[in-house]
Amino acid sequence: MPRFSANLGFLFTDVPEIERIAAAAAAGFKAVEMHWPYQVPAAEMRSALSRSQVTMLGLNTPVGNAAAGDFGLGALSGREAEFQQALDQAVSYGHAIGATAVHCMSGLVTPDAASAAERTLVTNLTLAADKASQADMTVLIEPINHRDKPGYFLHTIEQAASIIDQVGRRNVKIMFDCYHTQIMQGDLTRRLKDHLDLIGHVQIAAVPSRAEPDEGEIDYRDICRSLDRLGYSGWIGAEYKPRGRTEDGLGWLSTWTQDRSSNGRGAVT
């Protein structure tokens, strides 16, 4: 059973963001990830991580002008300067808190702008990869489903793989969110196998509810066994929307931990 991290954008939201780190540690998580933690001073964030002995895996680039409907800037032609500002903020903050990756969000694009968007994203990611490399960070790109976010440019695993090939940098990887991929494409086990070398992080949530991974149409215990067989050595991010209080819904984690312990393999987190 792989290692699990807590996405603090969705989990433990009944306490302030900085306090979620300790809450995740108390629940047994050894790593966390965040969406946009920039309102917390980097020094305070790093101190909280150190106190709880928790690793920060990654954070997202700022979305742009959220009030105007932005959801990322990476593929938006004509807004390259804004993307670079968002990237610089993410890499600087991420490096300061010890994060290992930055998720570069591609944004919303109309179908007629798709060709220009791809060229723009490749150019932006090339520069992002070089800047992230200087901070010892990986760049992640994530396909997001069109049911939850209509018009999101990056929406299939194969599209992400093609863009990574065009970028040609070894530190650009796929954030394989099983929830999004199941909705858009399905066939998760085969896609994990076919693209394993390009996968930098995996995330899970129930489909269709996006709740705890112990319900819905995906057998995540089988997915985890498949990742073990494939030799995946990274983390799996618990990025779901709890049915209630986060701690009350962690039965899946304790059960999977017991499964692993019974096989003599230690703790899951």
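Everything numeric in this text was worked out from a predicted model, so none of it was measured.

Conventions adopted
Residues numbered from 1 in each chain as written. Predicted model: local features only at pLDDT ≥ 70, side-chain atom pairs only at ≥ 80, totals over all residues. Heavy atoms only, no water. Axes fitted to C-alpha atoms, helices over the stretch in contact; angles between N-to-C directions. Helix = DSSP H or I, 4+ residues; strand = E, 2+ residues; numbered from the N terminus. Parallel < 35°, antiparallel > 145°, perpendicular 65-115°, else oblique. Left-handed = near helix turned anticlockwise from the far one by under 90°. Contact = heavy atoms within 4.5 Å. Nonpolar A, V, L, I, M, F, W, Y, C, P; charged D, E, K, R; others polar. Buried < 20%, exposed > 50% of the residue type's maximum accessible area, 1.4 Å probe, protein only. Salt bridge = Lys/Arg side-chain N within 4 Å of Asp/Glu carboxyl O.

Undergrad: How would you sum up the packing of helix 3 (residues 80–97) against helix 4 (residues 114–134)? Please name residues and give values.
TA: Axes are the key here: two packed helices are described by the angle between their axes and the distance separating the axes. Interhelical geometry of helix 3 versus helix 4 gives an angle of 30 degrees and a closest axis separation of 11 Å. Taken together, the axes of helix 3 and helix 4 are roughly parallel relative to one another. Crossing hand, helix 3 versus helix 4: right-handed. Here Glu-80, Phe-83, Gln-84, Leu-87, Asp-88 and Val-91 of helix 3 lie close against helix 4, whose contacting residues are Thr-120, Asn-124, Leu-127, Ala-128 and Lys-131. Residue composition of the contact of helix 3 with helix 4, grouped by class: five nonpolar, three polar and three charged.

Undergrad: Could you give an account of helix 1 (residues 17–26), with specific residues and numbers?
TA: Among all positions in helix 1, only Glu-17, Arg-20, Ile-21, Ala-23 and Ala-24 are buried. Where helix 1 is buried, its residues touch strand 1 (3–7), strand 2 (31–33) and helix 2 (42–52). At the exit of helix 1 stands Gly-28, carrying a positive phi of roughly 105 degrees.

Undergrad: Tell me about the pattern of salt bridges, and name the residues and values.
TA: All told, the structure shown has 14 salt bridges when counted by the stated rule. When the shortest N-O distance is used, the salt bridge between Lys-131 and Asp-88 registers 2.7 Å. Of this pair, Lys-131 sits in helix 4 while Asp-88 sits in helix 3; the two residues are 43 residues apart in sequence, bridging distant segments of the chain. Take Lys-131: its relative accessible area is 24%, and that puts it in the partly exposed class. Relative accessible area serves as the criterion here: at 37%, Asp-88 is assigned to the partly exposed category. In this structure, a network of salt bridges that share partners links the residues Glu-212, Asp-214, Glu-215 and Arg-243.

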